[in-house]
Amino acid sequence: MAEEFDEFNEAELTADEAALLQDLLPELSDLGEARRKFLGQAATLGLGAFALNLLAQEQVFAALETPEGAMFAPIAEENAVTVKLKINGAEKAVTLDSRVTLLDALRERLNLTGSKKGCDHGQCGACTVIVDGRRVLSCLTLTAQCEGKSVTTIEGLASGDKLHPMQTAFIKHDGFQCGYCTPGQICSAVALLNEAKNGEASYVSTNLRTNAKSLKLSDDEIRERMSGNICRCGAYPNIVAAIREVHSGKESAQSWSFYTPDSELTASANENQEDEKNATV
Ligand code: FES
Ligand code: FES
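No experiment lies behind these values; they were computed from the predicted model shown. (Residues numbered from 1 in each chain as written. Chains lettered and ligands numbered in written order. Predicted model: local features only at pLDDT ≥ 70, side-chain atom pairs only at ≥ 80, totals over all residues.)

Participant: Would you take a moment to explain helix α5 (residues 165–172) for this structure?
Facilitator: Every α-helical turn comprises 3.6 residues, leaving residues that sit three or four positions apart pointing alike. Taken together, the buried positions of α5 are Met-166, Gln-167, Ala-169 and Phe-170. Seen along its axis, α5 keeps its buried residues to an arc of 160°; they face one direction. The inward-facing, buried residues of α5 contact α6 (182–197) and α8 (236–248). Just past α5, the residue Asp-174 takes up positive phi, approximately 55°. (Buried ≥ 20, exposed ≤ 12 C-beta atoms within 10 Å, placed from the backbone. Helix = DSSP H or I, 4+ residues; strand = E, 2+ residues; numbered from the N terminus. Arc of directions from axis to C-beta. Contact = placed C-beta atoms within 7 Å.)

What follows is the structure in structure tokens.
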């Protein structure tokens, strides 16, 4: 046994590793000398490779300088790729780990924090952006997949101070409360208009044989097509009203107004009239 243990000492194991292997020796005794020698050498080689890897990582981090005033040291890019894409009309080139999602690249690298991270699992739609005219969940899209593509986020929908008609309609119809889901809802709704223009069917389309372009979407169609965008505040009726207005091009009345003392008087006068009517019936 002492001889066998010496064999592992030769392989320069630490005391803990040698003790662990020595505990295993009785079980290995029937496997023969060659097997034990192989195990010892393999352990040494494995540990050596691990140490080299650590050393290499340490050198990479040491080579990165922390910019003055930065709170955190920069993160070393592993598997770095450079991706060129157009974001809200501007050409950008970003070098990042090939596993970085589009959502993280937008929020953490490009300072476009309008797109929200809700679930990060493709379940809520808060991260929806438009890539080459189609809505995608940016939490499930790798930035590297967007090479040469055109990405539009909520920040890119308005032209200067002029809001996109869908943004205006969301405000008019009170299509949000906390607003967390709203960038995703609006990007989804904007892409939905194009899907209707192209005559694309949905799960509730009744006629799949039609080649008609510019579909007229019912409320059911709008609800189905927006079903990937969850709103925890439950602003759904108002979201549908906003999309219906932009899609149909027909203005509908705003269903809310800011509070004024006059509006309270009007509301209570209306209530009194209602009560009187009910009393006479
Ligand atoms: S954050 Fe992407 S779907 Fe929820
Ligand atoms: S407005 Fe709050 S989650 Fe939709």
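Participant: How should I be thinking about the environment of Lys-149 in this particular structure?
Facilitator: Checked against the element boundaries, Lys-149 lands in the loop between β4 (134–137) and β5 (150–152). Put simply, Lys-149 and Val-83 are 66 residues apart on the chain and 9.9 Å apart in space, counted from C-alpha to C-alpha. Beyond its immediate stretch of four places on either side in the chain, Lys-149 contacts Leu-85, Val-131 and Asp-132.

Participant: So what exactly am I meant to see when it comes to the sheet that holds strand β2 (residues 90–97) here?
Facilitator: In sheet architecture, strand pairing relies on hydrogen bonds along the backbone and comes in two forms, parallel and antiparallel. Strand order in the open sheet made by the 5 strands is β2-β1-β5-β3-β4, with mixed pairing throughout. For this open sheet the edge positions go to β2 and β4, each flanked by a neighbour on one side alone. For this sheet, the mean inter-axis angle between neighbouring strands, taken without regard to orientation, is 40°. Two elements, strand β1 (residues 80–87) and β5, share 2 bridges in a ladder whose sense is parallel. What sits directly across from Ile-87, in β5, is Val-151. Running at roughly 35° to strand β3 (residues 128–131), α6 makes contact with β3 and β4 of the sheet. (Pairing = 2+ DSSP bridges. Axes fitted to C-alpha atoms, helices over the stretch in contact; angles between N-to-C directions.)

Participant: Explain unusual backbone geometry here, please?
Facilitator: Glycine aside, residues mostly have negative phi, and peptide bonds are mostly found in the trans state. With a phi angle near 50°, Asn-88 is a residue other than glycine that sits in the positive phi range. Its location among the elements puts Asn-88 in the loop between β1 and β2. Under the C-beta neighbour-count criterion, Asn-88 is labelled partly exposed, with 17 such atoms within 10 Å. Non-glycine residue Ser-214 carries a positive phi angle of around 50°.

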